[in-house]
Amino acid sequence: MTTSPGGSGGRKPTIREVAKAAGVSYATVSRVMNGANWVSPQARSAVEEAIRTTGYKVNAHARSLATGRTDSVAFLLTEEYQLLFADPTFSLLLRDIAEAMAEHSMTLVLLVAGTQRERESVERYLSAGHVDGVMLISSHEQDPLLPSLLDHKLPLVACGLPLGHETAVSSVSVDESGSARTMTEYLLGRGHQRIAMIAGPPDTPGGHFRLEGFREAMGDHFDPDLVVQGDYSRASGRRAMGELLASGRDFDAVFAANDLMAVGAIGALDAAGVAVPADVAVAGFDDSGLAARNHPPLTTMRQPWKTLSQQMVEVLVALIRGGELRHVTLPTELVVRESA
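Rules used throughout
- Residues numbered from 1 in each chain as written.
- Predicted model: local features only at pLDDT ≥ 70, side-chain atom pairs only at ≥ 80, totals over all residues.
- Heavy atoms only, no water.
- Helix = DSSP H or I, 4+ residues; strand = E, 2+ residues; numbered from the N terminus.
- Buried < 20%, exposed > 50% of the residue type's maximum accessible area, 1.4 Å probe, protein only.
- Phe/Tyr/Trp six-rings, centres within 6.5 Å; stacked < 30°, edge-to-face > 60°.
- Pairing = 2+ DSSP bridges.
- Axes fitted to C-alpha atoms, helices over the stretch in contact; angles between N-to-C directions.
- 1 Å grid on protein atoms, 1.4 Å probe; cavity = no way out; pocket = protein on both sides within 12 Å on 5 of 7 lines; lining within 4 Å.
- Points joined across faces, edges and corners; volume = space filled by probe spheres on them.
- Nonpolar A, V, L, I, M, F, W, Y, C, P; charged D, E, K, R; others polar.
- Domains from an automatic or database assignment.
- Contact = heavy atoms within 4.5 Å.
- Buried area = accessible area lost by both parts, 1.4 Å probe.
- Salt bridge = Lys/Arg side-chain N within 4 Å of Asp/Glu carboxyl O.
- Lys, Arg positive; Asp, Glu negative; His and termini not counted.
- Right-handed = clockwise from strand over helix to strand, strands pointing away.

Caption draft 1: Quick look at unusual backbone geometry. Cis geometry is adopted by the peptide bond preceding P277, which originates at V276 and carries an omega value of 5 degrees. Mapping P277 onto the fold places it in the loop between α12 (259-271) and β9 (281-283). In this model, H295 is joined to P296 through a cis peptide bond whose omega is -5 degrees. Turning to its location among the elements, P296 is positioned in the loop between α13 (290-293) and β10 (300-302). Even without being glycine, K153 reaches a positive phi, approximately 60 degrees. Structurally, K153 is set in the loop between α8 (145-151) and β4 (156-159). Classification of K153 by relative accessible area gives exposed; the value is 71%. Not every positive phi belongs to a glycine, and D287 is a case in point at roughly 55 degrees. Along the chain, D287 falls in the loop between β9 and α13. The class of D287 is buried, set by a relative accessible area of 10%.

Caption draft 2: Inspection of the packing of aromatic side chains at higher detail. Scanning the entire structure with this criterion turns up two aromatic pairs. On the basis of an interplanar angle of 70 degrees and a centroid distance of 6.1 Å, the ring pair of F214 and F222 is categorised as edge-to-face. By relative accessible area, which is 1% here, F214 ends up buried. Here F214 and F255 contribute two aromatic rings whose centre-to-centre distance is 6.4 Å and whose plane-to-plane angle is 50 degrees, an arrangement assigned as tilted. Separated by 41 residues along the polypeptide, F214 in helix α10 (residues 205-218) and F255 in strand β8 (residues 253-256) bring together distant segments of the chain. Put simply, the rings of F214, F222 and F255 pair up and form one aromatic cluster.

Caption draft 3: Geometry of the sheet that holds strand β5 (residues 170-174). Taking strand neighbours across the sheet as the criterion, the six strands line up as β2-β1-β3-β4-β5-β11 in an open arrangement whose pairing is parallel. Edge positions in the open sheet fall to β2 (107-112) and β11 (327-330), since each of these has one partner strand only. Strand-to-strand twist of the sheet, defined as the mean angle between neighbouring strand axes without regard to direction, takes the value 20 degrees. Both strand β3 (residues 133-137) and β4 contribute to a ladder of four bridges, which runs parallel.

Caption draft 4: Quick peek at empty space enclosed by the protein. Taken as a whole and assessed by the stated rule, the structure comprises one cavity of 30 Å³ or more. Taken as a whole, the largest cavity holds about 360 Å³ of empty space. Lining of the largest cavity is provided by 26 residues; of these, T89, F90, S138, R210 and Q303 occupy positions nearest its centre. Counting residues per element, the ones that place at least two in the lining of the largest cavity are α6 (88-103), β5, α10 and α14 (305-320). Taken together, the residues of the lining of the largest cavity sort by class into eleven nonpolar, nine polar and six charged. When residues of the lining of the largest cavity are sorted by domain, at least three fall in each of domain 2 (72-174 + 305-332) and domain 3 (176-302).

Caption draft 5: View of the domain arrangement of the chain. Domain boundaries assigned for the chain yield domain 1 (15-67), domain 2 (72-174 + 305-332) and domain 3 (176-302). Relative to domain 3, the C-alpha centre of domain 2 lies at a distance of 27 Å. Contacts between the two partners involve 14 residues from domain 2, matched on the other side by 17 residues from domain 3. Carbon and sulfur atoms make up 61% of the area that domain 2 and domain 3 hide from each other, which totals about 1,400 Å². Of all residues in domain 2, the largest losses of buried area upon contact with domain 3 belong to L163, V174 and T332, amounting jointly to 35% of the total for that side. Where domain 2 packs against domain 3, one counts zero salt bridges. At three residues, α6 tops the list of elements feeding residues into the side of domain 2 that touches domain 3.

Caption draft 6: Structural detail: the side chain of D143. Relative to the helices and strands, D143 is located in the loop between β3 and α8. Buried charged residue D143 carries no salt bridge. Nearest counter-charge: R119, at 4.4 Å.

Caption draft 7: Quick peek at the pairing of β4. Judged by which residues are buried, β4 turns out to be covered on both faces: L156 and A158 on one side and V157 and C159 on the other are all buried. Taken together, β3, α8 and β4 constitute a β-α-β crossover, and its handedness is right-handed. Bridge count between β4 and β5: three bridges; the pairing is parallel. Looking across to β5, one finds that A158 is bridged to S171.

Below, the structure is given as structure tokens:
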């Protein structure tokens with residue numbers, strides 16, 4: 001006869017047997033399984049170990065009915081779906097966040113809201129209570145979806161400071177402005193004086209704060225005519241560089257607000273017969289893997305992707321359990337390669 005780890009004769013172990021194995025009360029086991037905060041770390045650890053050793057299986061449906069929670073959260077990308085595959089930063093975040101959510105025994109649901117119809121569909125889905133919280137990726141200041149989510153009082157954490165909603169939405173971000181200053185000061189220190197910038201959309205935190213940091217570091221050298229806006233895509237970086245070349249204005253370096261636009265800019269320079277970095281130095285922002293593979297390898301600001309993802313998960317899980325609004329800011333690292 002086969003015997004279950006915590007039961008006899010093949011019987012499934014019960015929650016009371018878990019409590020006995022952990023040396024705690026039935027109520028404590030229930031609080032741990034329902035994600036309550038008022039459990040000591042020692043008791044939580046003992047219960048989790050007892051669940052593992054007894055082989056106890058949580059009835060997810062019953063727990064959802066009892067707690068009103070689904071044990072799932074949304075990874076909400078407010079961009080067109082093509083960017084999920086074209087921009088490696090999104091796939092990195094998706095991978096690392098999914099891994100971190102699995103450690104909490106929670107499921108990650110991918111939602112894309114790049115069009116009006118998709119936004120309406122996502123709003124219906126989220127307002128119906130299918131998830132316990134939302135990770136907002138690539139927020140836009142005027143996006144109508146964010147106020148709607150706030151109205152539904154869903155726990156939210158944004159990747160990047162959510163412009164216009166800083167006091168209402170938790171966030172995990174890098175020091176956008178300070179990082180841009182670091183890169184600009186590096187280029188200035190290399191002797192470059194006429195530095196152009198390919199900025200991101202101004203209604204995004206990366207577009208707004210990276211331009212702000214660039215302007216501050218440039219000081220009297222800042223030339224607004226050497227700032228061209230892209231949309232974070234490789235094609236927009238190529239177009240922006242084409243505009244700079246066509247303007248006839250002199251520049252000896254370019255700082256792009258992300259690596260995809262920097263790579264697009266290098267492609268345009270190469271097509272125009274301009275050597276990188278001999279004629280024009282090019283730098284990016286992200287270091288998501290694309291920078292190291294590019295030819296020439298790209299000088300960039302490295303975001304701490306795994307730490308950023310883990311912090312987003314920790315902040316959101318805490319909010320779901322009744323925690324307070326938080327803003328976490330992480331440092332970046334200047335990575336020097338051959339392009340600048």
